[in-house]
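Analysis of the macromolecular model
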Amino acid sequence: SAGSWIVNYSASSNQNYSEFQAYLNLTINKDSTTTILSVSPASPITYLTASNFSCSNSQNLQTILYINGVDKSSEKSLDIIRGAGTLTVNCTSIDNQNYTGSSEQQSYIINKTSPVSGLSISGTTPINYGAVSDFAGVETNSGDVDCSYSINRNNQIYGVGTWTFNYSVFSCSNYTSGSTTK
């Protein structure tokens, strides 16, 4: 085991040698280790793609997974959809009596994704003059609680012709701005 030791060594006398006794101060240093952070898939990815972070240590020391400085060890080796942004991912091993701990850190980028596939406009088309339009914006995006959605027209009686409704989204953490028309 690593540590400081006092070693006593001695020999009894015999016909050729006299008795002796000596002490040796012996220090055994801890051995170094390597901690490996494995990420899948490789950075960068886009929001709604699951990421997986795992940790290992060359001497099987206990490891802790930190994401942006928060202990997320319960998420090790799990496929998780995380919010858009740049993450600081760190695996740190805890030293023990014989081995020193170590760590590895990486930046992991999750880009915003387009919201357009989750946007649509419902409503009747065509309609006859004199009928009130019934268009409404519909969205099925997840992780969008901070997004702002707007439709550019109110439902009313419109004149004869073609009218375009635009349903848009903006100011999102996980999505780029986008729109759909009908």
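Let us look at the structure shown here. (Residues numbered from 1 in each chain as written. Predicted model: local features only at pLDDT ≥ 70, side-chain atom pairs only at ≥ 80, totals over all residues. Heavy atoms only, no water.)

**Here's the deal with the nonpolar core**
One broad trend across soluble globular proteins is that nonpolar side chains are buried collectively. Keep this limit in mind: Nine residue types can take part in a nonpolar core, namely buried Ala, Val, Leu, Ile, Met, Phe, Trp, Tyr and Cys, and a core is a set of them joined through side-chain atoms within 4.5 Å. Each residue's exposure class comes from its accessible area (1.4 Å probe, protein chains only) as a fraction of the maximum for that residue type: buried when under 20%, exposed when over 50%, partly exposed otherwise. Labels follow the DSSP assignment, with helices taken as runs of H or I lasting at least four residues and strands as runs of E lasting at least two, numbered in each case from the N terminus. Pairs of residues are marked as contacts when any of their non-hydrogen atoms sit within 4.5 Å.
Core analysis: the biggest nonpolar cluster contains 22 residues, and F53, L65, L87, V89, Y108 and I110 have the highest contact counts within it. Counting only elements with at least two residues in this core, the list comes to β5 (52–57), β6 (63–67), β8 (85–93), β9 (103–111), β10 (119–122) and β13 (166–170). Ranked by residue count, the leading element in this core is β8, at three residues. The residues touching L87, leaving out its near neighbours within four places in the chain, are F53, I67, N68, R82, Q106, S107, Y108 and I110.

**Overview of the state of the cysteines**
A covalent bond between the sulfur atoms of two cysteines is what we call a disulfide. Under the convention used in this document: We call a pair of cysteine sulfur atoms a disulfide when they lie within 2.5 Å.
Using the criterion set out here, one finds two disulfides in the structure. The disulfide partner of C55 is C91, and the S-S distance across this bridge is 1.9 Å. A torsion of -70° about the S-S bond marks the disulfide between C55 and C91 as left-handed. Residue C55 is located in strand β5, and its partner C91 is located in strand β8; the two are separated by 36 residues in the primary sequence. Here the two residues C55 and C91 agree in accessibility, since each one is buried. Paired by a disulfide, C147 and C172 hold their sulfur atoms 2.0 Å apart. As the torsion about the S-S bond is roughly 140°, the C147-C172 disulfide counts as right-handed. With C147 in the loop between β11 (136–139) and β12 (148–151) and C172 in the loop between β13 and β14 (178–181), this pair connects stretches of sequence that are 25 residues apart.

**Description of the side chain of T113**
Tracing the sequence through the fold places T113 in the loop between β9 and β10. Look at T113 and you get buried, because its relative accessible area is 17%. Setting aside its immediate chain neighbours within four residues, T113 contacts T46, Y47, L48, N174, Y175 and T176.

**Some thoughts on the pattern of salt bridges**
Short version of the rule: Think of a salt bridge as a Lys or Arg side-chain nitrogen and an Asp or Glu carboxyl oxygen that are within 4 Å of each other.
Counted according to the given criterion, the structure contains three salt bridges. Here E75 ties to K72 by a salt bridge, and the two come within 3.9 Å at their closest N and O atoms. For R82, the salt bridge is made with E75, and the minimal N-O distance between the two is 2.6 Å. Note on R82: relative accessible area 9%, which makes it buried. Assessed through its relative accessible area of 16%, E75 is described here as buried. By sharing partners, the salt bridges in this structure join K72, E75 and R82 into a single network.

**Looking at the sheet that holds β14**
Consider a sheet: its strands pair through backbone hydrogen bonds, and that pairing is either parallel or antiparallel. Stated precisely, the cut-off is as follows: Here a strand pair is declared whenever DSSP counts at least two bridges between the two strands. Whenever a helix is involved, its axis is fitted only over the stretch in contact; in every case the axis is a line through C-alpha atoms, and angles between N-to-C directions fall within 0 to 180 degrees.
Here we have three strands laid out as an open sheet, ordered β12-β13-β14, and antiparallel in their pairing. Edge positions in the sheet fall to β12 and β14, since each of these pairs with one other strand and no more. Between one strand and the next, the sheet's axes are offset by a mean angle of 15°, whatever the strand orientation. Relative to β14, β13 runs antiparallel, the two sharing four bridges. Paired with S168 across the strands is S179, a residue of β14.

**Examining the sheet that holds strand β7 (residues 70–71)**
Ordered by their spatial adjacency, five strands build an open sheet running β4-β9-β8-β6-β7, and the pairing between neighbours is mixed. Pairing within the sheet leaves two strands with one partner each, and these edge strands are β4 (45–46) and β7. Two elements, β6 and β7, share two bridges in a ladder whose sense is antiparallel. Bridging from a neighbouring strand, I67 pairs with V70 of β7.

**Quick word on the layout of surface pockets**
For clarity, the threshold we go by: Lining residues are those with an atom within 4 Å of a point, where the points come from a 1 Å grid over the protein atoms alone and group into cavities, where a 1.4 Å probe fits but cannot get out, or pockets, open sets with protein on both sides within 12 Å along at least five of seven lines. Grid points are joined across faces, edges and corners, and a volume is the space filled by probe spheres set on the points. The residue classification treats Ala, Val, Leu, Ile, Met, Phe, Trp, Tyr, Cys and Pro as nonpolar and Asp, Glu, Lys and Arg as charged. All others, Gly included, are polar.
In this structure, the largest pocket encloses a volume near 340 Å³. T125, P126, I127, G161 and W163 are the residues nearest the centre of the largest pocket, which is lined by 17 residues in total. Split into classes, the residues belonging to the lining of the largest pocket amount to nine nonpolar, seven polar and one charged.

Coordinates in, geometry out; function isn't part of it.
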